[in-house]
Amino acid sequence: MAERPDDIWFLVFRNRNRLRAWPVNWKGWASLIGVTLVPTALFIALTQSFGLRSPWLGAGYLCVALPAMFFTLSKLFKAKGQNV
């Protein structure tokens, strides 16, 4: 949990089994973009540059990268978020 007001990157809303988080400042937006778009852009660039067209690459991406993004974001929300 963030201690100081300038350490808060996200507002986190938890109701029942749903977690919602919104970035509050530029650090939150930068981390959200970095965690989601950078691995996706890297995957697209590598598959296009090497000419790889196998559907197994997409399946591997879904099985590895998406859970890693979810895990990283959930830890980031807990560390830098303020519960509302």
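Computed from a prediction, not measured in an experiment: that's the story for all the values here. (Residues numbered from 1 in each chain as written. Predicted model: local features only at pLDDT ≥ 70, side-chain atom pairs only at ≥ 80, totals over all residues. Heavy atoms only, no water.)

## Here we look at the packing of helix α1 (residues 26-50) against helix α2 (residues 55-80)
Right, on to step 1. Running from amino to carboxyl end, α1 crosses α2 at an angle of 165°, the nearest separation of the two axes being 10 Å. In terms of orientation, α1 and α2 fall into the roughly antiparallel class. Relative to α2, α1 is oriented so that their crossing is right-handed. Contact residues: S31, L32, V35, T36, P39, T40, F43 and T47 in α1; L57, G58, Y61, M69, T72, L73 and L76 in α2. (Axes fitted to C-alpha atoms, helices over the stretch in contact; angles between N-to-C directions. Helix = DSSP H or I, 4+ residues; strand = E, 2+ residues; numbered from the N terminus. Parallel < 35°, antiparallel > 145°, perpendicular 65-115°, else oblique. Left-handed = near helix turned anticlockwise from the far one by under 90°. Contact = heavy atoms within 4.5 Å.)

## A word on the pairing of strand β2 (residues 18-23)
Right, on to step 1. Where strand β1 (residues 10-15) and β2 come together, six bridges link them in antiparallel fashion. Across the sheet, the residue bridging to F10 is P23, located in β2.
Right, on to step 2. Hairpin connection of β1 to β2: two residues between the antiparallel strands, including R16 at a positive phi of 55°. (Pairing = 2+ DSSP bridges.)

## Examining the confidence of the model for the protein
Right, on to step 1. Summary statistics for the protein give a mean pLDDT of 85 and a share of 93% for residues scoring 70 or more.
Right, on to step 2. Looking across the protein, the model is least confident in α2, with a mean pLDDT of 87, and most confident in β1, with 91. (pLDDT = per-residue confidence, 0-100.)

## A few points about the nonpolar core
Right, on to step 1. In this structure, W9, F10, V12, V35, Y61, A65, M69, L73, L76 and F77 together form the largest nonpolar core, which totals ten residues.
Right, on to step 2. Contributing elements (two or more residues each) for this core: β1 and α2.
Right, on to step 3. Among the elements that make up this core, the one with the highest residue count is α2 (six residues).
Right, on to step 4. Excluding anything up to four places from it in sequence, M69 contacts V35, T36, P39, T40 and Y61. (Core = buried A, V, L, I, M, F, W, Y, C linked by side-chain atoms within 4.5 Å. Buried < 20%, exposed > 50% of the residue type's maximum accessible area, 1.4 Å probe, protein only.)

## A word on a nonpolar patch on the surface
Right, on to step 1. On the surface, L42, L46, F50, L52 and L57 cluster together to form a nonpolar patch covering roughly 470 Å² of accessible area.
Right, on to step 2. With three residues, α1 is the single largest residue contributor to the nonpolar patch.
Right, on to step 3. Here L57 is to be found in helix α2.
Right, on to step 4. On the basis of relative accessibility, which here comes to 31%, the residue L57 falls in the partly exposed class. (Patch = residues over 30% accessible without salt bridge, like charges linked within 9 Å, V, L, I, M, F, W, Y side chains within 5 Å. Areas by Shrake-Rupley, 256 points an atom, 1.4 Å probe, with all protein chains shown as cover. Salt bridge = Lys/Arg side-chain N within 4 Å of Asp/Glu carboxyl O.)

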